[in-house]
Amino acid sequence: MSLYSKSLGTLALAAALSGLMSAPAHAFSDDEARRAILELREQLKQVTEQNRQARLQLADQLERLQHELAGMRGQIEQLNWQADLQKRSSEDQSGGHADKVADPQEQAAYEGPMGLFRSGKYKEAAAAFQTFLEAYPESQLVPEARFYQGSSRYASKDFKASISGLQQMIQAAPQDPRAPDALLVIAASQIELNDLKGAKASLQRIVKDYPQTSAAETAKSRLKLLQ
């Protein structure tokens, strides 16, 4: 039964009860009148309870739909981030941002975790990047390794660790070309943790400190979504 139908039933019962109360005394015997009043009251009570239950069910359904919609948006957002990260790593593979080092052993140690990242093995990649960072703490590839380690942690939903590692990267090398991209990943992790205030601050920092980068344009569009 719809809420509209139930509401009509409530009005009909109320009208019947009102008419009964105003009817001439001789129309019913006292016992009949009392029974009729009690029956109408009971019916009115039942309809009122049905209306209350229907409203609660409708509110629950609406809340579930809102949660499902938020979850779908989060999944789409994460897929977009992962696609963007994969694109960036492919650019590096074809001669994009990533530096090369003279030591072939050091280069191989970096390419190992990058291969894991490109193949979508994010947990393994994060651990492998940590091994590289411990083995070559002075390498010029450290910012790149930290960036992709944080990105791997984000992709594997280890959001707190992603934020922590990327913040260390930015603090150590604020002018590195990866810094604005790292802030984008930090903002995405903060959104996943429902820290919208922190996400806005991270995105605003990109626009302020790195205005000429492609990350700044992305940050502006993300900020509009968070308004």
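Report follows, based on the coordinates. In this text, all values refer to a predicted model and were calculated from it rather than measured experimentally. (Residues numbered from 1 in each chain as written. Predicted model: local features only at pLDDT ≥ 70, side-chain atom pairs only at ≥ 80, totals over all residues. Heavy atoms only, no water.)

Our focus in this paragraph is the packing of helix α7 (residues 179-192) against helix α9 (residues 214-225). A pair of packed helices is characterised by two quantities: the angle between their axes and the separation of those axes. Axis separation between α7 and α9 bottoms out at 8 Å; the angle between their running directions is 25°. As summarised for this structure, α7 and α9 are arranged roughly parallel, according to the angle between their axes. As α7 runs across α9, the sense of the crossing is left-handed. Residues P180, D181 and L184 of α7 touch α9, and the partners they reach there are A215, T218 and A219. A class-by-class count of the residues in the contact of α7 with α9 yields 4 nonpolar, 1 polar and 1 charged. (Axes fitted to C-alpha atoms, helices over the stretch in contact; angles between N-to-C directions. Helix = DSSP H or I, 4+ residues; strand = E, 2+ residues; numbered from the N terminus. Parallel < 35°, antiparallel > 145°, perpendicular 65-115°, else oblique. Left-handed = near helix turned anticlockwise from the far one by under 90°. Contact = heavy atoms within 4.5 Å. Nonpolar A, V, L, I, M, F, W, Y, C, P; charged D, E, K, R; others polar.)

Attention now goes to the side chain of E106. Structurally, E106 can be placed in helix α3 (residues 104-118). By relative accessible area, E106 is classed as buried at 12%. Discounting chain neighbours no more than four positions away, the residues touching E106 are V101, F132, Y136, S139 and Q140. (Buried < 20%, exposed > 50% of the residue type's maximum accessible area, 1.4 Å probe, protein only.)

Before going further, it helps to spend a moment on unusual backbone geometry. One non-glycine residue, K157, lies in positive phi territory at about 70°. Among the secondary structure elements, K157 is positioned in the loop between α5 (142-155) and α6 (159-172). The class of K157 is exposed, set by a relative accessible area of 56%. Even without glycine at this site, N194 takes up a positive phi of about 65°. Counting through the fold element by element, N194 comes out in the loop between α7 and α8 (196-209). Using a relative accessible area of 62% as the deciding quantity, one classes N194 as exposed.

Turning our attention to the nonpolar core. By size, the foremost hydrophobic cluster in this structure holds 39 residues, and its most contacted members are Y110, F129, L203 and I206. Of all elements in the fold, only α3, α4 (122-135), α5, α6, α7, α8 and α9 reach the threshold of two or more residues within this core. When sequence neighbours within four positions are dropped, the list of residues in contact with F129 reads Y110, P113, M114, F117, A145, Y148, Q149 and S152. (Core = buried A, V, L, I, M, F, W, Y, C linked by side-chain atoms within 4.5 Å.)

Quick look at the packing of aromatic side chains now. Considering all chains together, one arrives at 8 aromatic pairs under this definition. Ring geometry for F117 versus Y122: centroids 5.5 Å apart, planes at 70°, classification edge-to-face. By the burial criterion, F117 is buried, and Y122 matches it. Here the aromatic cluster, defined as three or more aromatic residues joined through ring pairs, consists of Y110, F117, Y122, F129, F132, Y136, F147 and Y148. (Phe/Tyr/Trp six-rings, centres within 6.5 Å; stacked < 30°, edge-to-face > 60°.)

An α-helical turn contains 3.6 residues, so any two residues separated by three or four positions project in the same direction. In a regular helix each residue adds 1.5 Å, so 14 residues correspond to 20 Å; α5 covers 20 Å between its end C-alpha atoms and thus fits that length. Burial analysis of α5 places 13 of its 14 residues in the buried class, the great majority of the element. (Expected span 1.5 Å × (residues − 1).)

This brings us to the pattern of salt bridges. One pass over the full model with this rule turns up 6 salt bridges. Put simply, R118 and E111 hold a salt bridge, and the shortest N to O gap is 3.8 Å. The partner of D181 in a salt bridge is R178, and the shortest N-O contact between them spans 3.6 Å. Since its relative accessible area comes to 7%, D181 is described here as buried. One continuous salt-bridge network, built from bridges that share partners, spans E144, R178 and D181. (Salt bridge = Lys/Arg side-chain N within 4 Å of Asp/Glu carboxyl O.)

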